[in-house]
Amino acid sequence: MALVAVTDVQVLDNPSTYLNPFQFEITFECVQDLSEDLEWKIVYIGSAESEAYDQVLDDILVGPVSAGTKKFVFQAPSPDISKLPDGEMLGVTAVLLTCSYRAQEFIRVGYYVNNELPGEENAAANAASADAANAAANAALAAAAAAASSSTAAASSSSSTPHVVAAVSGDTPTAVATDNDDDDDMDEDEEAVVEGIEVDNAPIAKRTGPVDPALVVRNILAAKPRVTRFQIRWD
């Protein structure tokens, strides 16, 4: 039996500008006191072509964790633009929220992220390769889930060292929200529907100049995240 159940994740400050930090309000239920901290990560998928472009935006330890319902806000900086492949700042990608216990990842929540320049004058730049971007985001989430399920411990390990110990609020156990088809809870292995991206067959003019990240709008498609859970040894 899992000792920790993530019951809700709210995406804060969304939509936002590209340079603003990611913010997730996380609620989870713990059925008993944990002897070790929980490790949380926010990972940005820089490119579906290679995991080498994945960026761990932040990596924190949350604890000590006692039995009950807990809530905290996890904030992470925006991706390092210099580490992104050329031409892949705009379009659809994904961000992953993961949690591990004793170096074992037990949940992964994936969100599609749409980065675009506002205004009709930028329609061509936003629409360029939108189909390919959609496919890339789907492939990134699927590949991440497959890699994690094939080797949970390997998926949760990282060369970065957690540098923050976050306090959690609330010590009174409450009922865990149940999932159903009509709510926005953490439904397992459901994929988000990427909306608001339309592509026609007209030729798309390629953008010739650099993109100013301060002008880019980031929209996390938070209505239906893709949630993958893994069985681990808790004791």
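Our subject is the structure that appears above.
Cut-offs applied
Residues numbered from 1 in each chain as written. Predicted model: local features only at pLDDT ≥ 70, side-chain atom pairs only at ≥ 80, totals over all residues. Heavy atoms only, no water. Helix = DSSP H or I, 4+ residues; strand = E, 2+ residues; numbered from the N terminus. Buried < 20%, exposed > 50% of the residue type's maximum accessible area, 1.4 Å probe, protein only. Contact = heavy atoms within 4.5 Å. Areas by Shrake-Rupley, 256 points an atom, 1.4 Å probe, with all protein chains shown as cover. Pairing = 2+ DSSP bridges. Axes fitted to C-alpha atoms, helices over the stretch in contact; angles between N-to-C directions. Core = buried A, V, L, I, M, F, W, Y, C linked by side-chain atoms within 4.5 Å. Salt bridge = Lys/Arg side-chain N within 4 Å of Asp/Glu carboxyl O. Phe/Tyr/Trp six-rings, centres within 6.5 Å; stacked < 30°, edge-to-face > 60°. Lys NZ or Arg CZ within 6 Å of the ring centre and 35° of its normal.

(A) Looking closely at the overall build of the protein. When you go through the protein residue by residue, the secondary structure sums to 3 helices and 10 strands. Across the protein, helices and strands are ordered from the amino to the carboxyl terminus as β-β-β-β-β-β-β-β-α-α-α-β-β. The buried share among the 235 residues of the protein stands at 45%. Of the contacts made within the protein by residues no fewer than 6 positions apart, 77% connect residues no fewer than 24 positions apart. As displayed, the protein offers around 11,900 Å² of accessible surface, 50% of which is attributable to carbon and sulfur atoms.

(B) Up close: the sheet that holds strand β6 (residues 68-76). The strand order across the open sheet formed by 3 strands is β1-β3-β6, and the pairing between neighbours is antiparallel. Each having just a single partner strand, β1 (4-11) and β6 make up the two edges of the open sheet. The mean angle between the axes of side-by-side strands here comes to 20°, regardless of whether they run parallel or antiparallel. Where β1 lies against strand β3 (residues 22-30), 7 bridges are found, and the strand directions are antiparallel. If you follow A5 over to β3, its bridge partner there is E29.

(C) Expanded view of the nonpolar core. Ranked by internal contacts, the top residues of the largest apolar core, which has 41 residues, are F24, I26, F28, L38, W40 and F106. Those residues in contact with W40, other than ones at most four positions away along the chain, are V6, I26, F28, D58, D59, I60, V62, F72, F74, L97, T98 and C99.

(D) View of the pattern of salt bridges. All told, the structure shown has 2 salt bridges when counted by the stated rule. R102 is paired through a salt bridge with E36; the nearest N and O atoms lie 3.1 Å apart. Pair noted here: R102 is in the loop between β7 (91-101) and β8 (104-116) and E36 is in the loop between β3 and β4 (38-45), with a separation of 66 residues, a long-range link. With relative accessibility at 33%, the residue R102 sits in the partly exposed group. On the basis of relative accessible area, E36 is assigned to the partly exposed category, the value being 38%. Between R108 and E105 there is a salt bridge whose closest N-O contact spans 2.7 Å. By relative accessible area, R108 is classed as buried at 10%. The buried category is assigned to E105, whose relative accessible area is 1%.

(E) Region of the structure containing the environment of F28. The topology assignment puts F28 in strand β3. On the accessibility criterion, F28 (0% relative accessible area) is buried. On a C-alpha basis, the gap between F28 and A5 in space is 5.5 Å, while along the polypeptide they are 23 residues apart.

(F) Looking closely at the pairing of strand β10 (residues 217-229). Two strands pair when backbone bridges link them, and strand β2 (residues 16-17) and β10 are joined in this way by 2 bridges, in the antiparallel orientation. Paired with S16 across the strands is R218, a residue of β10. With 9 bridges connecting them, β8 and β10 associate as antiparallel partners. If you follow R108 over to β10, its bridge partner there is T228.

(G) Structural view of the packing of aromatic side chains. Counted by the stated rule, this structure contains 8 aromatic pairs. Relative to Y44, the ring of F22 lies with its centre 6.1 Å away and its plane at 55°, an arrangement referred to as tilted. Residue F22 is found in strand β3, and its partner Y44 is found in strand β4; the two are separated by 22 residues along the sequence. Y44 carries the same exposure label as F22, and that label is buried. Measuring from centroid to centroid gives 6.4 Å for F28 and F72, while their planes differ by 80°, and the two rings are edge-to-face. Of the two residues, F28 is situated in strand β3 and F72 in strand β6; the sequence distance between them amounts to 44 residues. The cationic tip of R218 hangs over the ring face of F22; the distance from NZ or CZ to the ring centre is 3.9 Å.

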